[in-house]
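What follows is the residue order along each chain.
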Amino acid sequence: MKFSKFVIPFIAVGIFLIIPLILSSPFILQLFVLIFLYALVCESWDLSMGYLGLFNFGHLAFLGIGAYFSGILSLYYGLPSWIAIVVGSLITFALGFVLSLSTLRAGEYAFSIISFAFQNMFLYWVRSGGGPAPGEWGKKGLTLTGGTQGLGALIPVPSLQLGPITISSEFKVPAYYFTLIILVIATYAMYKLTNSRFGIATIALRDSKEYAIALGVNPLTYTAVFISISTFFAGLAGGLYAHIMGVVSPEIIGWSNVIIMCCIVEFGGLGTLFGPAAASFLLVSLTQYLAGLAAYKNIVIALIMLFTLLVWPTGMAGAAFWFKSKYLEKIKKAIFNWKHS
Amino acid sequence: METLLECKEVSKYFGDFVALDKVSFSLPEGITFGIAGPNGAGKTTLFNVITCNPYPPSSGKVIFNGKEIQKLKPYEIVHKGIVRTFQIPVRFRGLTFIKSVMVGSVYGNLANLKQNIFNYNRDKFEKNALEALELVGLVNKKDEFTVHASLYDLKLLMIASAIATKPKLLLLDEPVSGLTDHEIKLMWDLILKIHKELDITIIIIEHILKFLMNVSDEVMILNSGQVICKGRPEEVAKNPEAIKCYLGEESKEIFKSEMDKV
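Residues numbered from 1 in each chain as written. Chains lettered and ligands numbered in written order. Predicted model: local features only at pLDDT ≥ 70, side-chain atom pairs only at ≥ 80, totals over all residues.

Caption draft 1: Fine view of the overall build of chain B. The helix and strand tally for chain B stands at 11 helices and 10 strands. For a compact globule of 262 residues, the expected C-alpha radius of gyration is about 18 Å, and chain B comes in at 18 Å, within 12% of that figure. In terms of its C-alpha atoms, chain B occupies a principal-axis envelope of roughly 55 × 40 × 35 Å. Relative to its 262 residues, chain B shows a buried fraction of 47%. (Helix = DSSP H or I, 4+ residues; strand = E, 2+ residues; numbered from the N terminus. Rg over C-alpha atoms; globule rule 2.2 N^0.38 Å. Buried ≥ 20, exposed ≤ 12 C-beta atoms within 10 Å, placed from the backbone.)

Caption draft 2: Spatial organisation of the pairing of strand E9 (residues 218–223) of chain B. All names here are of chain B. Across four bridges, strand E3 (residues 32–36) lies against E9 in parallel orientation. Residue phenylalanine 33 lies in a different strand from E9, and its bridge partner there is glutamate 218. Pairing geometry for E9 and strand E10 (residues 226–231), over five bridges, is antiparallel. Bridge pairing in E10 places isoleucine 221 opposite cysteine 229. Here E9 folds back onto E10 in antiparallel fashion, the turn holding two residues, of which serine 224 has a positive phi close to 45°. (Pairing = 2+ DSSP bridges.)

Caption draft 3: Looking closely at the nonpolar core. By size, the foremost hydrophobic cluster in this structure holds 180 residues, and its most contacted members are Val217(A), Val103(B) and Ala160(B). Top element by residues in this core is helix H11 (residues 219–245) of chain A. It accounts for 16 residues. Mapping this core onto the domain boundaries places at least three of its residues in each of domain 1 (3–81 + 167–261) and domain 2 (93–166) of chain B. (Core = buried A, V, L, I, M, F, W, Y, C linked by C-beta atoms within 7 Å. Domains from an automatic or database assignment.)

Caption draft 4: Spatial organisation of the interface of chain A and chain B. At the interface, 19 residues of chain A touch 27 residues of chain B. Secondary-structure elements contributing two or more residues to the side of chain A that touches chain B are helix H9 (197–207) and helix H10 (209–214) of chain A. With seven residues, H9(A) is the largest single contributor of residues to the side of chain A that touches chain B. Class assignment for the residues of the side of chain A that touches chain B results in 10 nonpolar, five polar and four charged. (Contact = placed C-beta atoms within 7 Å. Nonpolar A, V, L, I, M, F, W, Y, C, P; charged D, E, K, R; others polar.)

In short, the description is geometric, and any link to function would need to be established separately.
Below is the structure:
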């Protein structure tokens, strides 16, 4: 019985494993890499938004911190890419912890405002360039974050080297499989986390904080643990993004992207983990398809979000559960009857 | 009998309003203690300040097992061994029955993150949670979500989660309000069972007097934040001041007849 929960994820992973063998178009593969990274970000956002019930406005800032810090460390300081990614993720972990401490004094609503401010501060710091780049690079007129052009616009961020394999946007297939593997591992880790005793504590805190405390849950500790882990995965996605794409522009953490990501999480279904992953597949493809509309594509995204919130608040995952509870048993029965008739 | 809980001149103010006015009482170990009084008397406020959830007392001392606890955090008080239920039933909508009890079982017994990481033993806590569910008779519903639970089930679930934290003192806030007579009888048996089998001292707030007077070894009447009287139920029922402010003239007869029945 326990296996049946994993049937759909297994089939999905199986399909994704054979996609590069069928479709060799570099554009499609590049799109899939982007989808996998966005799925990782949205799943990690779901940890804090869905499981903890805290709206972390600054979640994409952590994607940016992961991307910029690991990019800067490997571009200007010559750190090997994979070490830079790990260090960048750990920095986001620590900053997420510090940000989550604000819930102690200020409470949940203020946390949203504080994270909103945090996102804006980071965005403006990135756009301003953050001062000259260290050493030789600074003398050539480069700024630390590359300003509005982005980090790696002139000299690309070094790509990820794993032994003989180079993972960058030049080599689509290794990048595809690498991000897929990372996504599967991270999803499994997050799934295990949300079903563990820590997940129980955070769901309890989300549903009734007062009651959870009355049963001995320390609200600050488990909020901090969960937010730190959620920002860690965002930082990991950011680090991978920087080294695979070779360039990080401030647009990935801009408000337009925040809205798209938020829409993905809502549309997928809060607190379901697999929902946002599936939704990122649909909506990232859609935004790429609508790229011709430029800024107007945000209107489409906003309409999807409104529709989700007003008509079907449980999102795609909720729709799937509804379908399962309503029709799946009937279908199973029909198949059973057909087999035995 | 040793004193388990002692309140020394505990007061709680909300601005000018005095919710508790220098309430003092001591509670021996191993009894069931009833608290009654009109609405707004400060009964639930007393529970709130004993558990510091959601607020501590404005002044005074709460001494549990010989240690002052009024400055502790609410979850630390749970780890000391005091746990409460709520007047208005609360639930974790996203959790099943067994997982709701697991919250109490795991987090009531593991005091901090370090213990949670290193001292966690899934089988032990799950067994503990199942035992608690079995005691209240909900073990057949363990995998259902609490969203659809009835009022009676919710009250039982709150008690199960509470006893899964292995408390020394259990505070029940109106455990039988809104229940049918049959359910009240079942709850009555359950509370006595918890009291005897698990050896837990219990404080009960309740408006249904025939339940409270018969289940408690001692009763305290509160009015406007002050203790009116305290003693054995038979004595309290005869106390003229308690009759005047809360019990009413008929209480003696109702109480007597109910006692005869039991």
